[in-house]
Amino acid sequence: MKASVFGVLLLIVPLATSVQAQTIDDGLLLPRRALGVGVLYGHDSWSQYWEGDLKRANGNIGTVTTQSVTWVAGYGVTDRLSVIALLPYVWTHASQGPLHGMDGLQDITLAAKYQLFTTPFTDRGTLRAMVVGAAGIPASNYTPDFQPLSIGLASRQFSGRFTLNFQAHRGWFLNGSAAYTWRAKVTLDRPAYYTDGQLFLSNEVAMPNVFDYTVTAGYQSGRLCIPISLSQQRTLGGGDIRRQDMPFVSNRMDWVKLGGLVMYSLPAPRELGIRLGTSWTASGRNVGQATTLTGGLFYLFHL
Amino acid sequence: MRPALLPLVLVLVSAACDNTITSTEALLPLEAASLDSTAGSWRMIVLSGPAQFTVAAPAAETSAAYAAELAAIKSAQSKLTTAQRSSIAYWAGGGVLRWNQLVRDLVARFNLPPAPRADGTYPVPDPENPFADPQFPFANPPYSARAYSYVAVAQYEALKTAWYWKYQYNRRSPARIDSGIRALMPVGDLPAYPSEDAVISGVTVEMLKVLFPAAVEEITERAAEQRNAALWSGKAAASDVAAGLALGKAVAATLIARAGADGMKNAVGNAAQWQALADSAVARGEIPWISQESPPRPPMLPNFGQLQAWLMTPADVVTERPPAPPSTSSDQMKQEVAEVRRTVEQLTREQLAVAYKWNDGGGTYTPPGHWNDIAAEYIRDARMSEVRAARAFALLNMAMHDAAVGCWGVKYLYFNPRPIQLDPSIKTVIGLPNFPSYPSGHSTFSAAAATVLSYLFPQAAADFDVMKEEASISRLYGGIHYRSDIERGKEHGGRVGGYAVRFAQQDGAN
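The shown structure was predicted, so the numbers you read here are calculated from the model rather than taken from an experiment. Each chain carries its own residue numbering, running from 1 in the direction its sequence is written. Ligands are numbered from 1 and chains lettered from A, in the order in which they are written. Under the rules for a predicted model, residues below a pLDDT of 70 receive no local features and side-chain atom pairs below 80 are neither given nor counted, while totals for whole chains, interfaces and linings still include all residues. Hydrogens and water are ignored here; the side-chain numbers use all heavy atoms of the structure.

Chemist: Explain the interface of chain B and chain A to me, please; I cannot follow it from the model alone.
Modeler: The extent of an interface is frequently quoted as the accessible surface area lost upon association of the parts. Residue-level contacts link 48 residues of chain B with 40 residues of chain A. Note on definitions: buried area is the accessible-area loss of two parts on being combined, 1.4 Å probe, summed for both. A per-residue breakdown of the area chain B buries against chain A is headed by Ile21(B), Arg349(B) and Tyr356(B), which together make up 17% of the total. By definition, a salt bridge exists where a carboxyl oxygen of Asp or Glu is found within 4 Å of a side-chain nitrogen of Lys or Arg. Taking the shortest distance from any N to any O, the salt bridge between Arg243(A) and Asp133(B) comes out at 3.3 Å. Polar contacts, as counted here, are pairs of nitrogen or oxygen atoms within 3.5 Å of one another; within protein the pair requires one atom able to donate a hydrogen and one able to accept it, and residues that are adjacent in sequence qualify only if both atoms are side-chain atoms. Taken together, chain B and chain A are joined by 20 residue pairs in polar contact (both at pLDDT 80 or more). Here a strand is any run of E in DSSP of at least two residues, a helix any run of H or I of at least four, and the numbering for each starts at the N terminus. Those elements that place two or more of their residues in the side of chain B that touches chain A are helix 1 (5–16), helix 4 (95–110), helix 12 (331–345), helix 13 (349–357) and helix 14 (366–381) of chain B. In this count, Pro and Cys sit with the nonpolar residues alongside Ala, Val, Leu, Ile, Met, Phe, Trp and Tyr, while Asp, Glu, Lys and Arg are called charged and the others, Gly among them, polar. Taken together, the residues that form the side of chain B that touches chain A break down as 21 nonpolar, 14 polar and 13 charged. Here a residue-residue contact requires only that any non-hydrogen atoms of the pair lie within 4.5 Å.

Structure (structure tokens):
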């Protein structure tokens, strides 16, 4: 059952709330009729950000901190199909300047993960391939028009993800995952806005789609699993933050992040798992150079 | 997932992820409700009269030169490209309305404050070096109120002059003269010489080159496209266009001369003046305004209140000012600060939406732009002729410019602190403007605009009143203004708007 607990632990990579990315990209599944439930705390903060390509600080916001508590649940429908749900509550805060932080329920994500095949690969391990379909919708009527202090982008979205996982018999594993996310237009409370070089006389904002990938390598032994990851998001369109302007919901938000996790399943009760993670933004565009810390507790029920 | 399900899922995804944007200001080809054939006698604002600029008589419709112009149009129409057709369709929406949209675009593009230098000081945008960082201009609310008004007044003066000469010469449009020329945009009975499209093109391009010099290339291209559209569409011949262009440029020169001497050059002020404003407030026993930005930024255009108004004399500007705000040490002020704090902390989602709807802060077309946005749909729906549309925008934007002059004069007379300066525990849900609090610029602009629009479109007066109230109270919801800023601002703006209404009541256009 160790792998199964990890399956829940790995359900999400550290919530990059500065860009509200939520991915479900590991190579693991829950066994049939197993229910995993957990709570994840995330702390994301940055004091420098990229205004387009220009890295800068801003005394009118100081350090922007985004905290989140995410409820996570996963269920093994069959041994090849798991369904997963996520719902974060998010708080934002700026350490300097006049701007008010925001808080509220962000987006609910529902995902289905399906194992296409699993096969012995050479004599050293097992190769598995998965597809994941995930849909996200805002869970409250929050505004996306107060970046960087909005709690999210308020866009309905659907992502299709493909994951290839190699699990060596000796405990090493390698995971590659890539996704394309379609994003629906968002509606603002104002009748016009300027972005990407022109004025739009509309309260609707077209949202560019997003491509992301994550490569994870790690080692699993006994009750411990330690993956490290490199992930990159590319937004396929959108304008840059202009000089001395505020960020905007449809900006081209790109980043490269490095992350590490420690996951541990307790000797007793064996169904309880702990997860601690961190990530660091190596480069970006129209996002903050965020450092994130996450901690979570998960419990596995066999129904 | 079974393969058979895949197409269904893709359909659902594309439906759920709809990304089509609906514009609220689509313009259909303009078929004016009236020719406004008497517009040549409507009252001028800056010019002495319609004959201040003479437009020479055109060649006869039967002349060889004109026949060659008609042949050129036929030739052009026989090989129109898709791009040419789409520029005809674009400009068919009406030149005054299109340029109003384009000026709003320019304001939003240039409405960004300079970024601070590493040493904590701020550079000043330089009209002699507009392409640098910071770009010129910083099209903040006063600057943009002035810019909208100069474009609108210049267009209005030029079009009244054009109308005067049109009815002196009564030359028809090419599509009316020659059945071999198609009318690819509405071509009515309005005389074609000089071309109103070319007049608008010429006057607007010259004004915008001065107001937004860093956008010169794009402005020039757009203006040329407008003239070509008039030509290709069969609406105007080359000589109609040439005469219109020359007239438009000549009228612009008069307005540009006025703009050079209206006081804008001195509006930024200097460090000694900024300090004197604070010292004056202290001498009166009041807490002076302090910039809440980091690093502290000099106040926005402290001398804008000394600018020349359009419809008010300097004495009128002073007479119409609101009374002094409550003292910063008064009980009333304490109660008003407490109201701001309470309002922001208990804000509903609906109130937040109002704050965002009317925010019109940095990077937007500003509050005067928002009222142009509102007016444009009424002007479009009324199918106003070009000259009547120009009148509506001129009245609206003169009132808002005069409101900016009046409001900024009062702001720097009292130099009153913002709520978060008196109670740093207050946080705002919109950006905090970097100038004194009293009175509210939004309220002044909105009351002036609503007063003018209610005169022009009396059937919608109740709607404009609701918008004015919403725009004004949005500043309390945002956490950036006290209630008395808003109330006195509305009253002040209403009085300023009254000057434009009284002008309009006797300008000969009714």
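Chemist: So what exactly am I meant to see when it comes to unusual backbone geometry here?
Modeler: Excluding glycine, residues mostly carry a negative phi; peptide bonds, for their part, are mostly trans. Residue and element names in this part refer to chain B. Note that the residue after Tyr-193, namely Pro-194, is joined by a cis bond; omega there is -5 degrees. Of note, Pro-194 is situated in the loop between helix 6 (174–177) and helix 7 (196–211). At the junction of Ser-294 and Pro-295, the peptide bond is cis and its omega measures out at -5 degrees in the coordinates. Tracing the sequence through the fold places Pro-295 in the loop between helix 10 (271–283) and helix 11 (314–319). In the Ramachandran plot, Asn-170 falls in the positive-phi region, its phi being about 50 degrees despite a non-glycine side chain. One can find Asn-170 in the loop between helix 5 (141–169) and helix 6.

Chemist: How do you make sense of the environment of Gly59(A) when you look at a structure like this?
Modeler: With respect to the helices, strands and loops of the structure, Gly59(A) is situated in the loop between strand 3 (54–56) and strand 4 (64–76). Between the alpha carbons of Gly59(A) and Ser95(A) there is a distance of 9.3 Å; along the sequence they are 36 residues apart. Gly59(A) has contacts with Gln96(A), Gly97(A) and Ser294(B), leaving out every residue within four places of it along the chain.

Chemist: Explain the nonpolar core to me, please; I cannot follow it from the model alone.
Modeler: What tends to happen in soluble globular proteins is that the nonpolar side chains get buried as a cluster. Core analysis: the biggest nonpolar cluster contains 161 residues, and Phe212(B), Phe304(B), Trp371(B), Ile379(B), Leu453(B) and Phe464(B) have the highest contact counts within it. Residue ranges for the domains trace back to a domain assignment, done automatically or taken from a database. Shared between two domains, this core holds at least three residues of each, these being domain 1 (39–44 + 80–260) and domain 2 (270–287 + 296–505) of chain B. Apart from residues no more than four positions distant in its own chain, Phe212(B) is found in contact with Leu106(B), Val107(B), Phe110(B), Pro137(B), Ala139(B), Ala147(B) and Ile219(B). Grouped together as the second largest cluster of nonpolar side chains are 12 residues, Trp50(A), Leu188(A), Tyr193(A) and Phe248(A) included. Buried Ala, Val, Leu, Ile, Met, Phe, Trp, Tyr and Cys residues that are joined via side-chain atoms within 4.5 Å together make up what is termed a nonpolar core. For every residue, the accessible area (1.4 Å probe, protein chains only) is compared with the maximum for its type, and the residue is labelled buried under 20%, exposed over 50%, or partly exposed between those bounds.

Chemist: Hey, could you run me through the side chain of Thr143(A) in this one?
Modeler: Considering the arrangement of structural elements, one finds Thr143(A) in the loop between strand 8 (125–138) and strand 9 (157–168). Only 3.0 Å separates the side chain of Thr143(A) from the backbone nitrogen of Asp145(A), close enough to count as a polar contact. Among residues more than four places away in sequence, those in contact with Thr143(A) are Met102(A), Ser150(A), Asp189(A), Arg349(B), Leu352(B) and Tyr356(B).

Chemist: Before we go on, may I ask you to explain helix 3 (residues 82–91) of chain B in this structure?
Modeler: Residues that lie three or four places apart on an α-helix share one face, since the helix turns once every 3.6 residues. Residue and element names in this part refer to chain B. Residues of helix 3 that are buried include every one of Gln-84, Ser-87, Ile-88, Tyr-90 and Trp-91, and no others. What you see down the axis of helix 3 is that its buried residues fit within an arc of 160 degrees, all on one side. Those residues of helix 3 that are buried lie in contact with helix 4 and helix 8 (216–232). An arc is given here, and it is the one of the directions from the helix axis to the C-beta atoms.

Chemist: I keep staring at the pairing of strand 16 (residues 224–235) of chain A and nothing clicks. Help me out?
Modeler: Each regular strand displays side chains that alternate between the two surfaces of the sheet. Residues and elements named next belong to chain A. Residues Cys-225, Pro-227, Ser-229, Ser-231, Gln-233 and Thr-235 line the buried face of strand 16, whereas the alternating positions Leu-224, Ile-226, Ile-228, Leu-230, Gln-232 and Arg-234 sit on a face that is not buried. Two strands qualify as a pair provided that DSSP identifies no fewer than 2 bridges between them. Bridge analysis of strand 15 (residues 210–221) against strand 16 gives 12 bridges, and the strand direction is antiparallel. Across the sheet, the residue bridging to Tyr-219 is Ile-226, located in strand 16. Pairing of strand 16 with strand 17 (residues 254–265) involves eight bridges; the strand directions are antiparallel. Of the residues in strand 17, the one forming a bridge with Leu-224 is Tyr-264.

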